[in-house]
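Report on the structure
Here are the chains, one letter per residue:
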Protein chains: 4
Amino acid sequence: MNFASDNTSGAAPDIMAAVTAANAGYAKSYGADALMDEVRGEIRRIFDAPEAAVYLVATGTAANALSIACLTQPWGSVYCHDTAHAEVDECGAPEFYTNGAKLVRIPGDHGKITPAALDTTIRATAQGVVHGVQRGMVTITNATEAGTVYSAAEVAALCDVARGYGVPVHMDGARFANALVSAGCTPAEMTWKAGVEVLSFGGTKNGCLGVEAVVLFDPKRAWEFELRRKRGAHLFSKHRFLSAQMAAYLKDGLWLRLAAHANAMAARLSAGMSALPGGSLVHPTEANAVFAAWPRAGHKAAMTQGAAYYLWPHDQSEDGPGDQPLSARLVCSWCTTEGDVDAFLAAARG
Amino acid sequence: MNFASDNTSGAAPDIMAAVTAANAGYAKSYGADALMDEVRGEIRRIFDAPEAAVYLVATGTAANALSIACLTQPWGSVYCHDTAHAEVDECGAPEFYTNGAKLVRIPGDHGKITPAALDTTIRATAQGVVHGVQRGMVTITNATEAGTVYSAAEVAALCDVARGYGVPVHMDGARFANALVSAGCTPAEMTWKAGVEVLSFGGTKNGCLGVEAVVLFDPKRAWEFELRRKRGAHLFSKHRFLSAQMAAYLKDGLWLRLAAHANAMAARLSAGMSALPGGSLVHPTEANAVFAAWPRAGHKAAMTQGAAYYLWPHDQSEDGPGDQPLSARLVCSWCTTEGDVDAFLAAARG
Amino acid sequence: MNFASDNTSGAAPDIMAAVTAANAGYAKSYGADALMDEVRGEIRRIFDAPEAAVYLVATGTAANALSIACLTQPWGSVYCHDTAHAEVDECGAPEFYTNGAKLVRIPGDHGKITPAALDTTIRATAQGVVHGVQRGMVTITNATEAGTVYSAAEVAALCDVARGYGVPVHMDGARFANALVSAGCTPAEMTWKAGVEVLSFGGTKNGCLGVEAVVLFDPKRAWEFELRRKRGAHLFSKHRFLSAQMAAYLKDGLWLRLAAHANAMAARLSAGMSALPGGSLVHPTEANAVFAAWPRAGHKAAMTQGAAYYLWPHDQSEDGPGDQPLSARLVCSWCTTEGDVDAFLAAARG
Amino acid sequence: MNFASDNTSGAAPDIMAAVTAANAGYAKSYGADALMDEVRGEIRRIFDAPEAAVYLVATGTAANALSIACLTQPWGSVYCHDTAHAEVDECGAPEFYTNGAKLVRIPGDHGKITPAALDTTIRATAQGVVHGVQRGMVTITNATEAGTVYSAAEVAALCDVARGYGVPVHMDGARFANALVSAGCTPAEMTWKAGVEVLSFGGTKNGCLGVEAVVLFDPKRAWEFELRRKRGAHLFSKHRFLSAQMAAYLKDGLWLRLAAHANAMAARLSAGMSALPGGSLVHPTEANAVFAAWPRAGHKAAMTQGAAYYLWPHDQSEDGPGDQPLSARLVCSWCTTEGDVDAFLAAARG
């Protein structure tokens, strides 16, 4: 009953097998391995983007921070949601990689930015006035940190606003697969067709050991990205081990199947939590994370039985009346089982 | 016959097996995995350093740049050899991570800094004068980029000079194991007992997939290191896969056996190259890399038979008289075989 | 009728005379001039701070950004008011000088942070959790950007909160003199006795040509400040011209007289604006700036007669019903006359 | 007898008078003052560069560091002479402003880079290889730190080399006026006609209080420069006081007359030092600084009589045989008199 995060899961068997297989013999280093050619071709095919530049790094923060640094000047605003990983969970990596750009927070229900809020925020920038930080770029997260999903149309609406101000859009897709299977559109529709210029295309949380692709749909910043990656110390010498993960992840739609499974487990869990006495959802469940509230007694019972998850927000007290609801985040992954879900539901009932 | 680099090799079987084994079940993320406890304990034991702080990253450049950033202010000098990886091969990662410290190059034969040269260079710093960059830190590479090795006494002599100026010392040990088995001293003697404060302890080149430990013998900068690592996007979520590599690498002295093998192969190759007609060594062979010169005709023959290696320096012409010597770097690794060496020697004979 | 800013005024006659006088003969450069000794001694005397380190720069942004950089790590939070100059009007200078610290905005009426709001904000920092930006420092502005003033007791209350979290406090005193004469306390009470560690002590807006002192009450960061100043290109070679301004500014309480005059003019203007038909104050007038609203027709009349000032916020339309109030900022300075004020009041009546 | 530096002199009377005159009344701030329009027009006229963007800052280091930051990426090489002010005397300001570019030193006699040395150095850059820092920009100093001068043809030859590699050229003209009157060419010939893209056009050392113009002959980076200037805290609010200095400096060729005088004094001093018993020149005297060696006894005598100057290099001992020559730098300025020179020559004779 581990719902602490999708990163407490290991790697899917096919992906681990591919890493092992990639170990045979010598291979060119620093991204010149043959597997990387395969990955590049496959991502271009999947995204219907034959010109896209594709690179691999090992962490989501690296994918985001490097992407953001390619899209804004140091004196630019990075428009993001209040709860964006880049704002909250990267210890200032975007500020470090951009040499001091300013993250400008946009509030919004259920982890999502609305076009109106984005428009208001960008418009408030002191563009053209030397005293203020200028317009930089937009980063949106899909699936969001609240477990919700922007549809392709919603992404397009945000990109339209950004384009009106001449501002590029990055998508933090640490859970891109979960978003995509939820939204039911194509990878191209969710990204470049909607106006996204750079995508952090996550693998780690969805069954890889540690790999994220960065997809630059407009390859004009490709060489800059390569230099930033190296300078940031994110270029792997034995790069084949990143390539192998990503190749296996993409092969025969494995990435989509893993995400569909995680989403299905979250749906099952979400339905169960709603039905609990005193249970309710904090956010709609649209991807692989459930944000629910239920009575403190149920939390105690679940924890006693070894369930792992985080109260969300973290600072709620575990002490207090048993019937008082506490909210929590419950994350499902490619390896969550129906048994896990059902056992958790039984436990949380108190 | 792949002598291009030790990073064109894969991972040693035991290490790959450990990664696979580590995949079972759930594990705490971001370095809280049980395997990391094991690694920390083992490194402290090996280095006889019970207080040392130990962290893992995936690239050597990350290990170096983060270590250097912990040891100097932005307005500090980073004293290093002319050929140091940090100076030549990291695309300015040290400058990026330090926010603009100045790498001060020190020439020296065979990749090594002499105490006298270090003393002269540090003394020339405009210490205490606000117009100039101040003293920062020293970084030495062992084994060096020239395939030579500092003995523990030589390291101590450099550290003594540095200490006289109040300057801490970092060791880039991307090939630490190769240096250690060559020098025949203990890990402690080679590092903190000699005066090294922070070590980049390499795994990748010596049989891992991609892992380097950073060992801070004085743990006072441990938390700073953790923040810099996260902010640099080098903290792995599925950290167990780094831990597993390092745990297997250290287990039962595997790291030393792998390095001893690589060094032995280099010694065999070195002896053979010296004995070639027209062959000579550019640097003494003390670790796992051979720097040799031999006639251009022998290069052509070797390349024709599929040998992979780099001319060193790179800008020598492949065209010209057949008996003119060209120099090259030939790197052996844990997986180089006697057959590889002998086949290469036969080919290079022309 | 120029109320655009206190920086549209020139220099007070005594200060200009001092600059001219300082031009005689040779003088040591880079801050070793004799006048700087005088300035240092005088500031220490005025602030009853015999150990304070004192430095001069030429712009308020330099004073702030350098001070902030001395008080936080790159991964620190810089707690400031929503409207702080450092947040709004410095084009990201604090981010640049700190190498990417995060400005954390705190809302508050009339430009002021309350202790409760500061406490809530600091407490929300993910201190000790590596994923988040850590606690850094607090910067408060006195007089504020809203023309209000923190009393010494209010400053002390904020510093107490900060101290409880181990966080140092900087005061942006671009208009320190105006705040001081308004608050009626001593310089020491307003600063180090209340808990302020570093002060940007403004001269430019209050009658100098361009000089700000930075006062480090705890001199432990003095040398770091000197290096940051030089590295930031803010160390003047012909430093005597900064020293001369500051020396004259401080001499015989000139700085206080200039500020008292500006405040008095603002009080006169404020009273008049309140009494205008349709007029009202947006913020209390406690220093040298008046934030008032009055009918659009009155704005048109004032502008027609050549009055200079800014609508505040800037984005109000000048077109619309004549009786609709628009708000504006009106800044008085050392050279504002009663005639200017009365003429403006007459004009703004419409 | 003050030859310590041209920055120990004050301001020329006309320039001080202009500052005083500029103090009358209100003026727009932040560079929107009418005097700045005048300055911009005059510099465009003088340089025959009607499109040039012109900005003022107060220090030479600011002019250089901001210019360099506009001309290179963070991962670029900044090619400069071993003794360049940017390398030696700015405490890493170029590294700070560029976010970590690498200064690549080029040796050369008498403070000058030769085209061949520049070519060799640029060619050695690992351009296009992601592991190394890339080509960035060239900065040359005229007059040099050795008191020598590049002719317009020599500047053009360097720029030709740089252009061949696609690398822009900056000129550190802290002593531009001294170089120009020495070289006897037009400002345009010395700069953009030769291929210089950005000029730091010094005023401070040649009779101003503290002002340097940055001239961007290609205005495409003008807005970037403005943002970098503000973000670096170098945009003056009471900007008129910078404008006034520069306007007076340029008026009726004052800048050229001041420099011609300083150069003439240096020539007189140089001739005298050559003729001293045991005296010799270390570098040819081509601008306003004399680098000479003469017996230690003569140094003692000069110092005893109050002469101010620096031994060059600094680390020569003042103790030792009286007839042993020590080398020194002697800088003349707009206010050096023939009497100063002759008194010094008499004293140095020992």
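Data block above holds the structure.
One structure accompanies this document, and this report is about it. From a predicted model like this one, the values you see are computed outputs, not experimental measurements. (Residues numbered from 1 in each chain as written. Chains lettered and ligands numbered in written order. Predicted model: local features only at pLDDT ≥ 70, side-chain atom pairs only at ≥ 80, totals over all residues. Heavy atoms only, no water.)

Examining helix α14 (residues 338-348) of chain C
Residue and element names in this part refer to chain C.
- Buried within α14 are the following residues: Asp340, Val341, Phe344, Leu345, Ala347 and Ala348. Relative to the axis of α14, the buried residues are bounded by an arc of 165° and lie together on one face.
- Elements that come into contact with the buried residues of α14 comprise α12 (254-275), β9 (289-295), α13 (296-304) and β11 (325-331).
- Gly350, located one to two residues past α14, shows a positive phi value of around 90°. (Buried < 20%, exposed > 50% of the residue type's maximum accessible area, 1.4 Å probe, protein only. Helix = DSSP H or I, 4+ residues; strand = E, 2+ residues; numbered from the N terminus. Arc of directions from axis to C-beta. Contact = heavy atoms within 4.5 Å.)

As for the sheet that holds strand β1 (residues 53-57) of chain D
All names here are of chain D.
- The strand order across the open sheet formed by seven strands is β1-β7-β6-β5-β4-β2-β3, and the pairing between neighbours is mixed. What marks the edges here is a single partner per strand, and that holds for β1 and β3 (102-106). Across the sheet, the axes of successive neighbouring strands diverge by a mean angle of 20°, strand direction being ignored.
- Across four bridges, strand β4 (residues 134-141) lies against strand β5 (residues 169-173) in parallel orientation. Paired with Ile140 across the two strands is Met171, which belongs to β5.
- Along the sheet, helix α2 (residues 34-46) makes contact with β1, β6 (198-202) and β7 (212-216), crossing β1 at roughly 125°. (Pairing = 2+ DSSP bridges. Axes fitted to C-alpha atoms, helices over the stretch in contact; angles between N-to-C directions.)

Concerning the packing of helix α3 (residues 60-71) of chain C against helix α10 (residues 222-231) of chain C
Residues and elements named next belong to chain C.
- Closest axis-to-axis distance for the α3/α10 pair is 10 Å, and the angle between their directions is 135°. In this view, α3 runs oblique relative to α10, as classed from their interaxial angle. The handedness of the crossing between α3 and α10 is right-handed. Here α3 contributes Leu66, Ser67, Ala69 and Cys70 to the contact with α10, which in turn contributes Glu224, Phe225, Arg228 and Arg229. (Parallel < 35°, antiparallel > 145°, perpendicular 65-115°, else oblique. Left-handed = near helix turned anticlockwise from the far one by under 90°.)

Considering the packing of aromatic side chains
Residues and elements named next belong to chain C.
- Overall, the coordinates contain 65 aromatic pairs over all chains when judged by the stated rule.
- Between the aromatic rings of Phe3 and Phe344, the centroid separation amounts to 5.1 Å while the plane-to-plane angle is 65°, which identifies the pairing as edge-to-face. Note that Phe3 is positioned in the segment before α1 (13-21) and Phe344 in helix α14, a separation of 341 residues in sequence. Comparing Phe3 with Phe344 shows no difference in burial state: the two are buried.
- Taken together, a centroid distance of 5.1 Å and an interplanar angle of 15° make the contact between Tyr55 and Phe225 stacked. On the criterion of sequence distance, the pair formed by Tyr55 in strand β1 (residues 53-57) and Phe225 in helix α10 is long-range, its members being 170 residues apart. For the pair Tyr55 and Phe225, one class covers both residues: buried. (Phe/Tyr/Trp six-rings, centres within 6.5 Å; stacked < 30°, edge-to-face > 60°.)

Here we look at the relation of the copies chain C and chain B
- When chain C is fitted onto chain B, the two copies agree to an RMSD of 0.0 Å after a turn of 180° and an axial shift of 0.0 Å. What the superposition gives is, in effect, a two-fold axis relating one chain to the other. Taking C-alpha positions as reference, the residue of chain C nearest the rotation axis is Asn99 of chain C, located at 3.4 Å.
- Both copies share a contact surface, since 100% of the interface residues of chain C are interface residues in chain B too. (Least-squares fit on C-alpha atoms with pLDDT ≥ 70 in both.)

Focus on unusual backbone geometry
- The peptide bond linking Trp312 of chain A to Pro313 of chain A adopts the cis configuration, its omega dihedral lying at 5°.
- Examined against the element boundaries, Pro313 of chain A turns out to sit in the loop between β10 (310-311) and β11 (325-331).
- Its identity as a non-glycine residue notwithstanding, Ala233 of chain A has a phi of 70°, on the positive side.
- Checked against the element boundaries, Ala233 of chain A lands in the loop between α10 (222-231) and α11 (240-250).
- Taking the relative accessible area as the measure of exposure, Ala233 of chain A reaches 2% and is therefore buried.
- Located in the positive-phi region is Asn99 of chain B, a residue other than glycine, with phi close to 60°.
- If you trace the backbone, Asn99 of chain B turns up in the loop between α5 (93-98) and β3 (102-106).
- Take Asn99 of chain B: its relative accessible area is 5%, and that puts it in the buried class.

Thoughts on the sheet that holds strand β10 (residues 310-311) of chain B
Residue and element names in this part refer to chain B.
- Strand order in the open sheet formed by four strands is β8-β9-β11-β10, with antiparallel pairing between adjacent strands. Two strands close off the open sheet at either side, each with one partner strand: β8 (280-281) and β10.
- Docked against the sheet, helix α12 (residues 254-275) engages β8, β9 (289-295) and β11 (325-331), running at close to 20° with respect to β9.
- Contacts between helix α13 (residues 296-304) and the sheet are confined to β9, β10 and β11, with β9 contributing the most and set at about 115° to the helix.

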